[in-house]
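Chain by chain, the residues:
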Amino acid sequence: MAVERTLSIIKPDATRRDLTGKVNTKFEDGGLRIVAQKRVRLTTAQAEAFYGAHKERPFFRSLVDFMTSGPVVVQVLEGEGAIQKNRDIMGATNPANAAPGTIRKEFAESIEANSAHGSDSPEAAAAEIAFFFAATEIVP
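In what follows, the accompanying structure is described.

Parameters at a glance
- Residues numbered from 1 in each chain as written.
- Predicted model: local features only at pLDDT ≥ 70, side-chain atom pairs only at ≥ 80, totals over all residues.
- Heavy atoms only, no water.
- Helix = DSSP H or I, 4+ residues; strand = E, 2+ residues; numbered from the N terminus.
- Buried < 20%, exposed > 50% of the residue type's maximum accessible area, 1.4 Å probe, protein only.
- Pairing = 2+ DSSP bridges.
- Axes fitted to C-alpha atoms, helices over the stretch in contact; angles between N-to-C directions.
- Contact = heavy atoms within 4.5 Å.
- Phe/Tyr/Trp six-rings, centres within 6.5 Å; stacked < 30°, edge-to-face > 60°.
- Lys NZ or Arg CZ within 6 Å of the ring centre and 35° of its normal.
- 1 Å grid on protein atoms, 1.4 Å probe; cavity = no way out; pocket = protein on both sides within 12 Å on 5 of 7 lines; lining within 4 Å.
- Points joined across faces, edges and corners; volume = space filled by probe spheres on them.
- Nonpolar A, V, L, I, M, F, W, Y, C, P; charged D, E, K, R; others polar.

## A word on the overall build of the chain
Secondary structure assignment for the chain yields seven helices and four strands. Ordered by position from N to C terminus, the α and β elements of the chain give β-α-α-β-α-α-β-α-α-β-α. Dimensions along the principal axes, computed over C-alpha positions, put the chain at roughly 35 × 35 × 25 Å. Counting every position in the chain, which comprises 140 residues, the buried fraction comes to 48%.

Take a look at the structure:
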């Protein structure tokens with residue numbers, strides 16, 4: 001399996017409850033390295049651009065409002081099969097369907113406030129990482 005990079009976002013519901021360290025421990029215990037990280041407050045324009053693929057969906061405005069409601073931690077995770085590994089560690093989008101021990105099962109408040117975002121493909125990972133980080137900010 002190839003070493004990959006993926007974007008992770010620790011969402012406002014988790015940062016509000018000071019869960020950043022617990023979430024990061026799950027990534028690191030799962031074999032992923034954090035090679036870039038910053039805490040930011042997304043503007044409406046940034047959230048709309050980042051989630052632009054969902055613009056026509058009924059949940060778009062609610063998602064933008066949620067993602068701008070507090071700080072988030074954006075980070076680049078690196079490791080063998082990092083994209084799928086990150087998704088496995090996060091768990092199903094709906095926390096009710098997430099496996100025990102996953103981020104969303106343990107920490108999510110709802111489907112929307114599900115504590116973490118992760119890229120779903122190599123193409124998405126590349127675009128999402130570039131959205132938040134310059135190449136010089138990623139330090140393996």
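From this point, things continue past the structure.
## Description of the sheet that holds strand β4 (residues 116–118)
Neighbouring strands of a sheet are bound in pairs by backbone hydrogen bonds; such pairs are parallel or else antiparallel. An order of β2-β3-β1-β4 is seen for the four strands of this open sheet, with the pairing classed as antiparallel. What marks the edges here is a single partner per strand, and that holds for β2 (33–40) and β4. Averaged over all adjacent pairs, the angle separating strand axes in this sheet is 20°, with direction ignored. Direction of pairing for β2 relative to strand β3 (residues 72–80): antiparallel, over a ladder of seven bridges. Note on β3: the bridge partner recorded for Val 40 is Val 72. Packing of helix α5 (residues 82–90) onto the sheet brings it into contact with β1 (3–10), β3 and β4, and relative to β1 it is tilted by some 35°.

## Some details on the packing of aromatic side chains
Counting across every chain of the model gives four aromatic pairs. Ring geometry for Phe 131 against Phe 132: centres 4.9 Å apart, planes inclined by 70°, an arrangement best described as edge-to-face. An aromatic cluster of at least three residues, connected via ring pairs, comprises Phe 50, Tyr 51, Phe 131 and Phe 132. In this structure, Lys 38 is placed above the aromatic ring of Phe 133, and the distance from its NZ or CZ to the ring centre is 4.8 Å.

## Structural notes on the side chain of Ser 8
Mapped onto the fold, Ser 8 is located in strand β1. The exposure class of Ser 8 is buried, given its relative accessible area of 0%.

## Focus: the environment of Leu 63
In this fold, Leu 63 is placed in helix α4 (residues 60–67). C-alpha separation for the pair Leu 63 and Ala 113, spaced 50 residues apart in sequence, amounts to 9.0 Å. Apart from residues no more than four positions distant in its own chain, Leu 63 is found in contact with Tyr 51 and Glu 112.

## Some points on the layout of surface pockets
In this model, the largest pocket occupies a volume close to 510 Å³. Taken together, 19 residues make up the lining of the largest pocket; nearest its centre are Lys 11, Tyr 51, His 54, Leu 63 and His 117. Contributing elements (two or more residues each) for the lining of the largest pocket: β4 and α7 (122–132). It is β4 that provides the largest number of residues to the lining of the largest pocket, a total of three residues. Classifying every residue of the lining of the largest pocket gives eight nonpolar, five polar and six charged.

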